[in-house]
Amino acid sequence: MAEKELQSKLYRDIQESEDKLSKYENERQGSKERLLRETLEELKIEAGLTDKEGPGIILTLRPLYNELRNEASLASVSPSLLQRLINELNMYGAKHISIGGHRVFNTTVIRQITDVTKMNGYSLNRFPIEIRVIVESPEDAEKLYNRMKVSKVTDDLFIDNLVVELENPKDNIVVPAYQDSIRVRYMEPVEMDMGGDK
C-alpha cells in the first residue's frame, strides 16, 4: 500500500512540474516579473522561510515522572532518537515540522554538544519540548496520529525517560518560519552575456 501511495505521489509531483513548465512557457512572453515572484514565494515556502498553517498534530516530550520518588527523572533527548522521530514523521507524510519553536528543514543540524542536544545551535534541554507537524489534509493528520500512537520511536524515547504526549489531530496549527539566515557556501553567481545566454 505504501508503495502505491509513493508512486501516486511521484506521479502528482511529475504532473505539477510539467504543469509548471507549461505555465512558464506560456507566460514567458507575458509577465516575467510576476512569475519570478511566484517562484520566489514557492521557494521560500519550500525552504521554510515563511510561517505555515495547516492540519496536523502536536507531540510533546516530557520527562518521565517517577511516582515512587515523587519526582521527574533527569532526561534528555538524544540526537539520534530525535532524528529517527523526524524521519518517521516525514515517512508518514509530514510537510512542515517545528521542534521547540524552531523550524526543521532539509539542512537542519541536530547534534550533541557537551551533553546537550542542539538543533541548528538551539539547545533542546528545557522540557516540555513541543513538536508541531503539518500534513497535507485532515485525513493525513488522522493517519499520522494513529501511526504515532503505535510508533516504536515513542517506546525508545520512554526507555530514555521521556514520555510522548500526543494531542488529537487539529485542523489548523502553525509552524513558525526559520528565523536565522541560511548560509550558502560554494556557490557563485553565473555571469551572463547579453541576451541571457552564457
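## Examining the overall build of the protein chain
For the protein chain, the helix and strand inventory stands at 5 helices and 11 strands. Sequence separation of 24 or more characterises 75% of the internal contacts of the protein chain that already satisfy a separation of 6 or more. About 14,100 Å² of surface is accessible on the protein chain, with carbon and sulfur atoms providing 50% of the total.

## Topic: the packing of helix 3 (residues 79-91) against helix 5 (residues 152-159)
Look at helix 3 against helix 5: their axes get within 10 Å of each other, and the N-to-C directions meet at 160°. Here helix 5 runs roughly antiparallel to helix 3, going by the angle between their axes. Crossing angle aside, the handedness with which helix 3 passes helix 5 is left-handed. Seen from helix 3, the contacting residues are Leu81, Arg84, Leu85 and Glu88; seen from helix 5, they are Val153, Asp156 and Leu157. Across the contact of helix 3 with helix 5, the residue classes break down as 4 nonpolar, no polar and 3 charged.

## Here's the deal with the sheet that holds strand 7 (residues 116-119)
Pairing is antiparallel in the open sheet, where 3 strands are placed in the order 6-7-8. Two strands lie at the open edges of the sheet, namely strand 6 (110-113) and strand 8 (122-123), each paired on one side alone. The pairing of strand 7 with strand 8 spans 2 bridges and is classified as antiparallel. What sits directly across from methionine 119, in strand 8, is tyrosine 122. Against the sheet, helix 3 engages strand 6 and strand 7, with an angle of about 170° to strand 6.

## Observations concerning the side chain of threonine 60
Position of threonine 60 relative to the elements: it lies in strand 1 (residues 52-63). Dropping the residues within four chain positions of it, threonine 60 is found in contact with Pro128, Ile129, Val163, Val164, Glu165 and Glu167.

## Topic: unusual backbone geometry
Cis geometry is adopted by the peptide bond preceding proline 128, which originates at phenylalanine 127 and carries an omega value of 0°. Along the chain, the position of proline 128 falls in the loop between strand 8 and strand 9 (129-134). Phi is positive for asparagine 120, close to 55°, though the residue is something other than glycine. Among the structural elements, asparagine 120 can be located in the loop between strand 7 and strand 8. For asparagine 161, which is not glycine, the phi torsion reads 65° and is therefore positive. By the element assignment, asparagine 161 lies in the loop between helix 5 and strand 10 (162-166). Given the relative accessible area of 29%, asparagine 161 is considered partly exposed.

## Observations regarding the layout of surface pockets
By volume, the largest pocket is sized at about 1,800 Å³. Around the largest pocket, the lining is made up of 45 residues, and of these Lys9, Gly93, Ala94, Lys95 and Glu136 lie nearest the centre. Of all elements in the fold, only helix 1 (2-27), helix 2 (32-47), strand 1, helix 3, strand 4 (96-99), strand 5 (102-104) and helix 4 (138-149) reach the threshold of two or more residues within the lining of the largest pocket. At 9 residues, helix 1 tops the list of elements feeding residues into the lining of the largest pocket. Along the lines of polarity and charge, the residues of the lining of the largest pocket split into 17 nonpolar, 12 polar and 16 charged.

## Remarks on the nonpolar core
The biggest cluster of nonpolar side chains holds 27 residues, and the ones touching the most others in it are Leu89, Ile97, Ile99, Ile131 and Val133. Breaking this core down by element, the ones donating at least two residues are strand 1, helix 3, strand 4, strand 9, helix 4 and helix 5. Element by element, the count of residues in this core is highest for helix 3, at 5 residues. Residues within four places of isoleucine 99 in sequence aside, it is in contact with Leu82, Ile86, Val104, Met119, Leu124, Ile129, Glu130 and Ile131.

## Brief notes about the environment of serine 80
Counting through the fold element by element, serine 80 comes out in helix 3. Sequence separation between serine 80 and glutamine 112 is 32 residues, and the spatial gap between their C-alpha atoms is 9.4 Å.

What counts and how
Residues numbered from 1 in each chain as written. Predicted model: local features only at pLDDT ≥ 70, side-chain atom pairs only at ≥ 80, totals over all residues. Heavy atoms only, no water. Helix = DSSP H or I, 4+ residues; strand = E, 2+ residues; numbered from the N terminus. Contact = heavy atoms within 4.5 Å. Areas by Shrake-Rupley, 256 points an atom, 1.4 Å probe, with all protein chains shown as cover. Axes fitted to C-alpha atoms, helices over the stretch in contact; angles between N-to-C directions. Parallel < 35°, antiparallel > 145°, perpendicular 65-115°, else oblique. Left-handed = near helix turned anticlockwise from the far one by under 90°. Nonpolar A, V, L, I, M, F, W, Y, C, P; charged D, E, K, R; others polar. Pairing = 2+ DSSP bridges. Buried < 20%, exposed > 50% of the residue type's maximum accessible area, 1.4 Å probe, protein only. 1 Å grid on protein atoms, 1.4 Å probe; cavity = no way out; pocket = protein on both sides within 12 Å on 5 of 7 lines; lining within 4 Å. Points joined across faces, edges and corners; volume = space filled by probe spheres on them. Core = buried A, V, L, I, M, F, W, Y, C linked by side-chain atoms within 4.5 Å.

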